[in-house]
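Read off the chains here:
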Amino acid sequence: MEVCYIMKKILVTGALGQIGSELTMKLRDIYGRDNVVASSRRKKEGQESIIESGPFEIVEVTDGKQISEAVKKYKINTIVHLAALLSAVGEHDPQKAWNINMNGLYNVLEVAREENCAVFTPSSIAAFGPSTPKDKTPQDTIQRPETMYGVTKVAGEILSDYYFKKFGVDTRGVRFPGLISYDTLPGGGTTDYAVHIYYEAIKHKKYTCYIQKGTYMDMMYMPDALHAIVSLMEADPDKLIHRNAFNISAMSFEPEDIYGEIKNNIPEFTMDYDVDPVRQAIADSWPNSLDDTAAREEWGWKPEYDLPKMTVDMLTKLADKLKK
Ligand code: AKB
């Protein structure tokens, strides 16, 4: 089925991060390069393709004025708010995680209310905690996370619901699992091992895993994650019941599964363990797998990649990249 895209003027915060760097390019392909403004708190080396392929602005999300100025300057009608600290790094500096994640989102929502913008904000599997049902975690269930990142994600889901109900801001979001990609490295997450393992498999044919054998978490390949964002942003609002916190799922695996899959492609690959207690405790508090029925029913969510298909693509693309 051909999708008919509704014209948008989009501001992406955190555009140089793991999701933002690929999403910005995809959005520029769909909506036109001049209609997608990439923003970040600073320029990063190696990200010239994003900075130079369309408008770019320095925006510190903890400063609402900077967001407002960018929105007014480019007549933005949609904000994709990706700037955030992830789980592991958030545990090392919880105050900073609260400031960036909560005040950043609050500022974005306030600007959206004043300037009449739609807002997409990702939540995460981190919005759940040890008292949440672990397998096929339901869409609507107990949410008592034990990390600051998780606290900001639950609060962000509720705050986004509030802005929709109280002020009519068109807020939408998904709960992302660990995201795996070859373009830009993730920074400071618990699920990052599932990215690092591919780099080490290609570079050194061995990997030391900081997550314990047998620890299942939901994961997703970046093309599916990007597709989810665009599909939800384009979804018919009349069909959305949940809006800000859709469970989405593509695969659930433990370290031995991804190791075995890479070994199928690189037989000499080996792996051992040196478990990091901080990241292990976080992983233990998260679900094994999510039930994404609501996303499937309300806006047609359907992932394309499972672990074997992702592994072949990831190894091919990454080997190519690392050769350059
Ligand atoms: C993290 O590990 O912190 C993130 C996430 C699951 O939100 N990748």
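Report follows, based on the coordinates. Residue numbering note: each chain is counted from 1, following its sequence as written. A pLDDT threshold of at least 70 governs which residues receive local features in this predicted model, and a stricter bar of 80 or more applies before side-chain atom pairs are shown or counted, although totals over entire chains, interfaces and linings include all residues. To get the side-chain values, take all heavy atoms of the structure and skip hydrogens and water.

Brief notes about the overall build of the protein
At step 1: Check the secondary structure of the protein and you find 12 helices and 14 strands.
At step 2: The C-alpha radius of gyration computed for the protein amounts to 19 Å, which stays within 12% of the reference 20 Å derived for 324 residues, consistent with globular compactness.
At step 3: When the backbone C-alpha atoms are referred to their principal axes, the protein occupies close to 55 × 45 × 45 Å.
At step 4: Relative accessibility thresholds used throughout: buried, under 20% of the residue-type maximum; exposed, over 50%; partly exposed, between the two (1.4 Å probe, protein chains only). Counting every position in the protein, which comprises 324 residues, the buried fraction comes to 56%.
At step 5: When checking whether two residues touch, look at their non-hydrogen atoms; a contact exists if any pair is within 4.5 Å. At a minimum sequence separation of 6, the contacts of the protein that also span at least 24 residues come to 78%. Segments assigned H or I by DSSP are reported as helices when at least four residues long, segments assigned E as strands when at least two residues long, and all are numbered from the N terminus. Using C-alpha atoms as the atom set, the radius of gyration is obtained and then compared with a globule rule of 2.2 Å times the number of residues to the power 0.38.

Remarks on the side chain of Gln47
At step 1: As for its placement among the helices and strands, Gln47 is situated in the loop between β2 (36–40) and α2 (48–52).
At step 2: Look at Gln47 and you get buried, because its relative accessible area is 8%.

A short note on the sheet that holds strand β4 (residues 78–81)
At step 1: The six strands lie next to each other as β3-β2-β1-β4-β5-β7, forming an open sheet whose pairing is parallel. Of all strands in the sheet, those with a lone pairing partner are β3 (56–58) and β7 (171–172), marking the two edges.
At step 2: Two elements, strand β1 (residues 10–13) and β2, share three bridges in a ladder whose sense is parallel. Of the residues in β2, the one forming a bridge with Leu11 is Val37. In this description, strands pair whenever DSSP reports at least two bridges between them.

Observations regarding the site of the ligand
At step 1: Around the ligand, the neighbouring residues are Leu86, Ser87, Ser124, Ile125, Tyr149, Gly189, Thr190, Thr191 and Trp286.
At step 2: A 3.5 Å cut-off defines polar contacts: any pair of N or O atoms within that distance qualifies, except that in protein one atom must be a possible hydrogen donor and the other a possible acceptor, and neighbouring residues in sequence count only when both atoms are side-chain atoms. One of the side-chain nitrogen or oxygen atoms of Ser124 is found 2.7 Å away from an oxygen atom of the ligand.
At step 3: In the model, an oxygen atom of the ligand is placed 2.7 Å from a nitrogen or oxygen of the Tyr149 side chain.
At step 4: Here the ligand loses 93% of its free accessible area of 250 Å² to cover by the protein chains.
At step 5: Using protein atoms alone on a 1 Å grid, points that fit a 1.4 Å probe yet trap it form a cavity, whereas open point sets bounded by protein on both sides within 12 Å along at least five of seven lines form a pocket; residues with an atom within 4 Å of a point count as lining. For this analysis, a molecule is said to be in a pocket or cavity if more than half of its atoms are within 2 Å of the grid points defining it. Judged by the proximity of its atoms to the pocket grid, the ligand belongs to the largest pocket.
At step 6: Amino acids are sorted into nonpolar (Ala, Val, Leu, Ile, Met, Phe, Trp, Tyr, Cys and Pro), charged (Asp, Glu, Lys and Arg) and polar (every other residue, Gly among them). Of the residues assigned to the shell around the ligand, the class counts are four nonpolar, five polar and no charged. Throughout this document, a residue counts as near a molecule or strand when at least one of its heavy atoms sits within 4 Å of that molecule or strand. Calculation of accessible area relied on Shrake-Rupley with a 1.4 Å probe; when residues are assessed, cover is drawn exclusively from the protein chains displayed.

What about the environment of Leu27?
At step 1: Residue placement: Leu27 occurs in helix α1 (residues 18–31).
At step 2: The class of Leu27 is buried, set by a relative accessible area of 0%.
At step 3: When the C-alpha atoms of Leu27 and Ile10 are compared, they prove to be 8.4 Å apart, with 17 residues separating the residues in sequence.
At step 4: The contact partners of Leu27, leaving out residues within four places of it in the chain, are Ile10, Val12, Gly32, Val36, Val80 and Val230.

Side note on the sheet that holds strand β8 (residues 174–176)
At step 1: With parallel pairing, the three strands of this open sheet are ordered in space as β6-β8-β12. Of all the strands in the sheet, the pair left with one neighbour each is β6 (123–124) and β12 (246–247).

Examining the layout of surface pockets
At step 1: A volume near 1,100 Å³ is recorded for the largest pocket.
At step 2: Around the largest pocket, the lining is made up of 45 residues, and of these Leu82, Ala84, Leu85, Leu86 and Gly187 lie nearest the centre.
At step 3: Only α1, β2, α4 (87–92), α5 (94–115), β6, α6 (148–167) and β9 (178–180) provide two or more residues apiece to the lining of the largest pocket.
At step 4: Ranked by residues supplied to the lining of the largest pocket, first place goes to α1 with three residues.
At step 5: Taken together, the residues of the lining of the largest pocket sort by class into 21 nonpolar, 16 polar and eight charged. Grid points are joined across faces, edges and corners, and a volume is the space filled by probe spheres set on the points.

Structural notes on the nonpolar core
At step 1: To form a nonpolar core, buried Ala, Val, Leu, Ile, Met, Phe, Trp, Tyr and Cys residues must be joined to one another through side-chain atoms within 4.5 Å. Core analysis: the largest hydrophobic core is formed by 38 residues, its most contacted members being Ile180, Tyr193, Tyr198, Phe253, Ile258 and Met310.
At step 2: Sorting the residues of this core by element identifies α7 (193–203), β10 (206–209), β11 (217–221), β13 (251–253), α9 (255–265), α10 (277–285) and α12 (307–323) as the ones contributing at least two each.
At step 3: Among the elements that take part in this core, α7 stands out by supplying eight residues, more than any other.
At step 4: For Ile180, the residues in contact, after removing those within four places along its chain, are Gln18, Ala194, Val195, Tyr198, Met219, Met220, Tyr221, Met222, Phe253, Met310 and Met314.
At step 5: With 36 residues, the next largest nonpolar core counts Ile10, Tyr31, Phe56 and Leu232 among its residues.

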